Amino acid sequence: MSHDPIDSAKTAPYADLTPDLILSAAETAGLTPTGGFQALNSYENRVYKIETETAPWAVKFYRPDRWSDAAILEEHGFLQELAAAEIPGVPPLAHNGQTLLREGPYRFAIFPWRPGRAGYVETPSERRALGRHLGRLHLTGTGRFAARPTLDAASFVDPAIATLAVCPFVPLQLRPELLAVATRLRDRIAETFETVGAPILRLHGDCHTGNVLTDGETLTIVDFDDCLNGPAIQDLWMLLPGDPDEQEEALAALIQGYEMFRDFDPVELRLIEPLRTLRLLHYNAWIARRWHDPAFPRAFPWFAEERHFHELMGLLTAQEMRLRTPPIRLRGPNSD
């Protein structure tokens, strides 16, 4: 969930990221690459699996002009705290005491390679295990980041509306209605956040099953690039399946594990649909802001089509209705 309101690099941001530079960066960090590397699926940053004589590593090149050095170091520091608490994550390698390194115009970090499958947290036992990890993560996450954003309407929805207001792909005849419904949704999101008043923690921020690796025995939470301040439910709701009939069962398993380490207040369930709405608006604005990056038109060609924004209008209208319905029910002794 990229946050920045504007990407100031208006030309291809990774045009100078050549194979020679990638391998040279690995050497800068003290590795001995064999020359083999593989580009991994990443749009916001660029991440490569680097082969060395002893083990593979993941080299992550940060998108220029997105995060400040302080924000990146907060990500690294959080991962180091989690590792110290034996919470399954992947902290960066320190070279000469530094985790944020530079090669040419790029900032990068080296992470140990973790094998596993992503997107396969499906059984009650797996969900309970993940809930335990997240409960411990949120205990460690008490407090706030100083250089990273807070998940709220002002920081995420307002910039999204401003971006969509000038997006050239939004049909002119649809633009006033789309912006009007987005503004109404923004007000409802802000109102619900204020009413719920959930405590703000340091979070993973983009915790869906694609960011959880499984190897048959353990679960590892990866990709803390979007870690931020926000309510606990942000790290839980995206783990629920799409089928409404399965959501309550999945939520019950997650919370059962979670509450072994930290209490969960069911009032936060009222934030799920506001957060879903926020993510929908933010996601579309993110693609619009990144359109100058050649990777984005290739990956999201449908974004330039008029029908996409008619479909988006339908989704936003549906979210207005969802925001007026009761939230998902939490089974068990913590139910409302």
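Residues numbered from 1 in each chain as written. Predicted model: local features only at pLDDT ≥ 70, side-chain atom pairs only at ≥ 80, totals over all residues. Heavy atoms only, no water.

Take the packing of helix α7 (residues 272-289) against helix α9 (residues 306-322) next. For any two helices packed against each other, one specifies the inter-axial angle together with the distance between the axes. Their axes nearest at 10 Å, the elements α7 and α9 cross at an angle of 165°. With respect to their mutual orientation, α7 and α9 come out roughly antiparallel. The two elements α7 and α9 cross, and the hand of that crossing is left-handed. Residues Glu-273, Arg-276, Thr-277, Leu-280, Leu-281 and Asn-284 of α7 lie in contact with α9, whose contacting residues are His-308, Leu-312, Leu-315, Leu-316, Gln-319 and Arg-322. (Axes fitted to C-alpha atoms, helices over the stretch in contact; angles between N-to-C directions. Helix = DSSP H or I, 4+ residues; strand = E, 2+ residues; numbered from the N terminus. Parallel < 35°, antiparallel > 145°, perpendicular 65-115°, else oblique. Left-handed = near helix turned anticlockwise from the far one by under 90°. Contact = heavy atoms within 4.5 Å.)

To continue, consider the pattern of salt bridges. Considering all chains together, one arrives at 22 salt bridges under this definition. For Glu-273, the salt bridge is made with Arg-276, and the minimal N-O distance between the two is 3.0 Å. Taken together, the residues Glu-273 and Arg-276, both in helix α7 and 3 residues apart, mark about one turn of the helix. The class of Glu-273 is buried, set by a relative accessible area of 18%. Taken together, the shared-partner salt bridges connect Glu-44, Arg-46, Lys-60, Arg-63, Arg-66, Glu-75, Arg-148, Asp-225, Asp-226, Arg-290 and Asp-293 into one network. (Salt bridge = Lys/Arg side-chain N within 4 Å of Asp/Glu carboxyl O. Buried < 20%, exposed > 50% of the residue type's maximum accessible area, 1.4 Å probe, protein only.)

Spatial strand order, β6-β8-β9: 3 strands in an open sheet with antiparallel pairing. Either end of the sheet is taken by a strand with one partner, and the two such strands are β6 (117-118) and β9 (219-221). Bridge count for strand β8 (residues 212-214) against β9 is 3 bridges, and the pairing is antiparallel. Residue pairing across strands places Val-212 opposite Ile-221, the latter belonging to β9. (Pairing = 2+ DSSP bridges.)

Of all residues in the protein, 96% attain a pLDDT of 70 or more, and the chain-wide mean is 93. In the model, residues 4-9 has pLDDT below 50 throughout and makes 16 contacts with residues more than four positions away in sequence or in other chains. (pLDDT = per-residue confidence, 0-100.)

An ideal rise of 1.5 Å per residue puts 24 Å on 17 residues; α9 measures up with 25 Å between its terminal C-alpha atoms. Turning to α9, its buried residues are His-308, Phe-309, Leu-312, Met-313, Leu-316, Gln-319 and Glu-320. All buried residues of α9 lie within an arc of 145° about the axis, which places them on one face of the element. Residues of α9 that are exposed and point more than 90 degrees away from the buried face comprise Arg-307 and Met-321. On its buried face, α9 is in contact with α5 (175-196) and α7. (Expected span 1.5 Å × (residues − 1). Arc of directions from axis to C-beta.)

This part covers the side chain of Glu-268. Its location among the elements puts Glu-268 in the loop between α6 (244-258) and α7. One polar contact links the side chain of Glu-268 to the main-chain amide nitrogen of Ala-232, over a distance of 3.2 Å. If sequence neighbours within four positions are ignored, Glu-268 has contacts with Val-196, Ala-198, Pro-199, Pro-231, Ala-232 and Ile-233. (Polar contact = N/O pair within 3.5 Å; in protein donor to acceptor, adjacent residues only side chain to side chain.)

So, about α5. Relative to the 32 Å expected for 22 residues at 1.5 Å per residue, α5 spans 31 Å between its end C-alpha atoms, a close match to the ideal helical length. Taken together, the buried positions of α5 are Arg-175, Leu-178, Leu-179, Val-181, Ala-182, Leu-185, Arg-186, Ile-189, Thr-192, Phe-193 and Val-196. The arc enclosing the buried residues of α5, seen along the axis, measures out at 160°, which places them on a common side. Relative to its buried face, α5 has exposed residues pointing more than 90 degrees away, namely Pro-176 and Glu-194. On its buried face, α5 is in contact with α4 (153-165), α7 and α9. Gly-197 lies just past α5 and shows a positive phi near 60°.

Leu-130, Leu-134, Leu-178 and Ile-233 are the most contacted members of the largest nonpolar core, which totals 85 residues. Tallying contributions element by element places α7 first for this core, with 9 residues. Not counting chain neighbours up to four residues away, the residues in contact with Leu-178 comprise Leu-164, Phe-309, Leu-312, Met-313 and Leu-316. With 18 residues, the next largest nonpolar core counts Ala-26, Tyr-48, Tyr-106 and Ile-110 among its residues. (Core = buried A, V, L, I, M, F, W, Y, C linked by side-chain atoms within 4.5 Å.)

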